[in-house]
Amino acid sequence: MNEQSPETPDGSLEKDVLDELGDDKLHEIAGLLGTDAAGAQDVVGTTVTALSGNLQEKAEDPAEAAEVEQALTEASPPQGVVGFGGFGGLAAGGMLSGVLAKMSRPVANAVAKKTGLPAASVTRVIELVIPVLLTVLTKRARKSGTPGAGSTGGGFGDLLGQILGGKKR
């Protein structure tokens with residue numbers, strides 16, 4: 001079971017986000033970028049990788065780790081809580097949404113540089129991807145059995161690795 005790798009885990013983060021986006025949103029993204037569905041998938045994958053990598057880096061920075069842990073705790077339900085009306089939306093992931101939004105400009109610039117697309121177009125894609133990424137991350141947090149705010153300590157890096165899809169520390 002610990003055979004997960006960041007690139008090809010069972011249910012990779014990128015695949016889960018693409019599945020959650022669905023064909024309609026993917027075609028909308030392709031239209032924004034002036035590309036086909038495969039090109040849109042590449043940009044979404046690159047964006048998700050950049051966002052999750054930046055989130056992991058923030059979590060490893062002692063000055064910012066508490067903010068990321070708080071955001072993930074807020075976005076994940078206490079054990080035993082089922083439902084939560086639209087769990088994974090902006091109401092449930094408000095703080096995590098804010099953390100991801102702060103990263104959107106540098107990520108847009110990095111993805112634009114890597115893909116050759118205009119940063120403004122990539123920014124619009126990121127605006128579409130963040131709510132979907134929040135949904136996927138909160139579903140993963142729920143499945144991992146995140147207990148809530150009482151779980152500080154050495155297990156946070158492992159928990160974040162499980163939620164993001166592979167990077168265990």
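Residues numbered from 1 in each chain as written. Predicted model: local features only at pLDDT ≥ 70, side-chain atom pairs only at ≥ 80, totals over all residues. Heavy atoms only, no water.

This part covers the confidence of the model for the protein. Residues at a pLDDT of 70 or more form 64% of the protein, whose mean pLDDT is 73. Looking across the protein, the model is least confident in helix H6 (residues 155-164), with a mean pLDDT of 60, and most confident in helix H1 (residues 13-33), with 93. Below pLDDT 50 for its whole length, residues 1-10 participates in 11 contacts with residues either more than four positions away or in separate chains. Counting contacts from residues 147-154, a segment whose pLDDT is below 50, to residues more than four positions away or on other chains yields 6 contacts. (pLDDT = per-residue confidence, 0-100. Helix = DSSP H or I, 4+ residues; strand = E, 2+ residues; numbered from the N terminus. Contact = heavy atoms within 4.5 Å.)

Below, the discussion takes up the environment of Glu28. Among the structural elements, Glu28 can be located in helix H1. Taking the relative accessible area as the measure of exposure, Glu28 reaches 38% and is therefore partly exposed. When the C-alpha atoms of Glu28 and Ala40 are compared, they prove to be 8.9 Å apart, with 12 residues separating the residues in sequence. (Buried < 20%, exposed > 50% of the residue type's maximum accessible area, 1.4 Å probe, protein only.)

This next bit is on the packing of H1 against helix H2 (residues 37-60). It is the contact of H1 with H2, at a shortest axis distance of 8 Å, that shows an interaxial angle of 130 degrees. Relative to H2, H1 is oriented oblique. For the pair H1 and H2, the sense of crossing is right-handed. Judged by residue contacts, Leu13, Glu14, Val17, Leu18, Leu21, Leu26, His27, Ile29, Ala30 and Leu33 of H1 engage Ala37, Ala40, Gln41, Val43, Val44, Gly45, Val48, Thr49 and Ser52 from H2. Class assignment for the residues of the contact of H1 with H2 results in 13 nonpolar, 5 polar and 1 charged. (Axes fitted to C-alpha atoms, helices over the stretch in contact; angles between N-to-C directions. Parallel < 35°, antiparallel > 145°, perpendicular 65-115°, else oblique. Left-handed = near helix turned anticlockwise from the far one by under 90°. Nonpolar A, V, L, I, M, F, W, Y, C, P; charged D, E, K, R; others polar.)

Our next topic: the environment of Val129. Within the secondary structure, Val129 sits in helix H5 (residues 119-144). For Val129, a relative accessible area of 0% gives the class buried. Between the C-alpha atoms of Val129 and Ile29, which are 100 residues apart in sequence, the distance is 9.4 Å. Excluding residues that lie within four positions of it along the chain, Val129 makes contacts with Val17, Ile29, Val44 and Val48.

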